Amino acid sequence: MLDPRLIRHELTTIAERLRVKGFELDVESIQSLESKRKAVQVETEELQALRNSQSKAIGKAKSQGEDIQPLLDAVSDLGDRLDTKKAELDGIQAELNDILMAVPNLPDASVPAGLSEDDNEEVRCWGDIPEYSFEARDHVDITHDSGLMSFEQASKITGSRFVALRGPVARMHRALTQFMLDVHTQEHGYEEVYVPYIVNRESLTGTGQLPKFEEDLFKLDDDRGFYLAPTAEVPVTNLARNEIIDAESMPQRFVCHTPCFRSEAGTYGKDTRGMIRQHQFEKVELVSMVRQEDSSQELEDLTSHAEAILQKLGLAYRVVNLCGGDLSFASTKTYDLEVWLPGQNKYREISSCSNFLDFQARRMQARWRNPETGKPELIHTVNGSGLAIGRTLVAVLENYQQEDGSVLVPQVLQPFMAGETKISFGAD
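The structure displayed is predicted, hence computed values, not measured ones.

Peer 1: Mind laying out the pairing of strand β9 (residues 280-290), listing which residues take part and the relevant values?
Peer 2: Counting buried residues in β9 gives 9 out of 11 residues, a clear majority hidden from the surface. When β9 meets strand β15 (residues 380-388), the two strands line up antiparallel, connected through 7 bridges. Within β15, the residue paired with Val287 across the bridge is Asn383.

Structure representation (structure tokens):
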């Protein structure tokens, strides 16, 4: 949520900046409500002042033994009038809050203009795109005959956009998870956390998924307002909700492995082949909570930590700075890591690393206490995938494929796979 003071005092500038995200702020409605709010607030304050002065006059008259009935008659309806104005003011403020909750975060000045992923800006590339003496296959064809990656069985169990993994492919999926957690905890200093996979409405509102993106969530069929977590970002970031963190504990950096659940309501017909876009998938998520002055550098550091996984796996990738039209609702700036997939002959997103400034923290009232002032201040939140497990599995299978149909196991994963160096898929 944006600072309401910005909306009040810099409305035109805010509206112009939001157009970089393709968002049209309803300036007229906000101006109208703000005018009403100011007028009603003045009336409320005048009634409060009148009640206070009359209370003093009544007290003084009573102490002097005077007849206070005329004074009481004069203010007999004052309380009701004040309550009416307070209710009116609360209603106007609720309307303003509803509008503000639907307003996205402001894009950073370094965010390129553009409407879609085609307008994203390449920042850097790493690694060499592999060349093959045979026609490279995608992960679906590589695993199809073995049955070790089955979309048909998963569809029987649940429906489309689910997968069942078996044997060495399931083990590699687990190996990738363990490898990422070890790197981020042992080399990058993140604290591992375990959190619920089911979250409440307040948590999703805090990180910005609600109220705007409810159709993309899986809601449980009960009356408690529970949802399946769409990403570990939600439960991990909400560890700080309604908290004031001690300065000595800042910054806080967490890594968490969770399943993620998304209905993908807005992507019907997109990426229906294979594991690229599933209703259920797993991620290792990185979440940082930092001081205001540190969030820009934290985004750079966190992004480099996610890149380290790809580098250790020997997977070619590029980093892109998302344009305004491709930025998420809550993000002020996002780097996407896109790994090379030989089966598709192009780069595909494997991680998004974002800075949210105090946008999420204001919704969550997540703060830290500044020792210089002794007062609480909003934290800044930064997060990113380090990495998406399923897409990393896809990238390993496709990049390490051999002409005989087998797939080599990257050296860094072999200790997590009982020393296994190759998956044969029934190849000779």
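Peer 1: Describe the side chain of Glu285, listing the residues and the values that go with them.
Peer 2: In this fold, Glu285 is placed in strand β9. Overall, Glu285 belongs to the buried group, its relative accessible area being 2%. Among the polar contacts made by the side chain of Glu285, one reaches the side chain of Lys283 at a distance of 3.1 Å. Here Glu285 is in contact with Thr231, Ala232, Glu233, Phe254, Val255, Cys256, Asn383, Gly384, Ser385 and Gly386, once residues within four sequence places are set aside.

Peer 1: Let's hear about the packing of helix α8 (residues 167-187) against helix α11 (residues 295-313): which residues, and what values?
Peer 2: Between α8 and α11, whose axes approach to 11 Å, the crossing angle comes to 125°. Judged on the interaxial angle alone, α11 and α8 are oblique. The two elements α8 and α11 meet at a crossing, and its hand is right-handed. Contacts from Leu176, Phe179, Met180, Val183, His184 and Glu187 in α8 reach His305, Ala306, Ile309, Lys312 and Leu313 in α11. Across the contact of α8 with α11, the residue classes break down as 7 nonpolar, 2 polar and 2 charged.

Peer 1: Which residues make up α8, and what values do they have?
Peer 2: With 21 residues, α8 ought to run about 30 Å at 1.5 Å a step, and its terminal C-alpha atoms sit 29 Å apart, in line with that. Turning to α8, its buried residues are Val169, Met172, His173, Ala175, Leu176, Thr177, Phe179, Met180, Leu181, Val183 and His184. Positive phi shows up at Gly189, right after α8, with a value of about 80°.

Reading the values: the criteria
The numbers attached to residues start from 1 for each chain and follow its sequence in the written order. With pLDDT at 70 or above as the cut-off, local features in this predicted model cover only qualifying residues; side-chain atom pairs require 80 or more to be listed or tallied, and sums for whole chains, interfaces and linings still use all residues. The basis for every side-chain value is the complete set of heavy atoms in the structure, and neither hydrogens nor water enter the calculation. The buried label applies to any residue whose accessible area, calculated with a 1.4 Å probe on protein chains only, is under 20% of its type's maximum; exposed applies above 50%, and partly exposed to all values in between. A run of H or I in DSSP counts as a helix once it spans at least four residues, and a run of E counts as a strand once it spans at least two, with each numbered from the N terminus. Note on pairing: two strands pair once DSSP finds at least 2 bridges between them. Counted as a polar contact is a pair of N or O atoms within 3.5 Å, where, for protein atoms, one must be capable of donating a hydrogen and the other of accepting one, and residues adjacent in sequence contribute only when both atoms are in side chains. A contact between two residues is defined here by any heavy atoms of the two lying within 4.5 Å. Axis angles are defined between N-to-C directions and span 0 to 180 degrees, where every axis is a line fitted to C-alpha atoms and, for a helix, only to the segment in contact. Between 65 and 115 degrees an angle is taken as roughly perpendicular, under 35 as roughly parallel, over 145 as roughly antiparallel, and anywhere else as oblique. The crossing is said to be left-handed when, going from far helix to near helix, the turn is anticlockwise and less than a right angle, and right-handed when the turn is clockwise. Side-chain classes follow a simple rule in which Ala, Val, Leu, Ile, Met, Phe, Trp, Tyr, Cys and Pro form the nonpolar group, Asp, Glu, Lys and Arg form the charged group, and the remainder, Gly included, forms the polar group. Given the number of residues in a helix, its expected span is that number minus one, multiplied by 1.5 Å.

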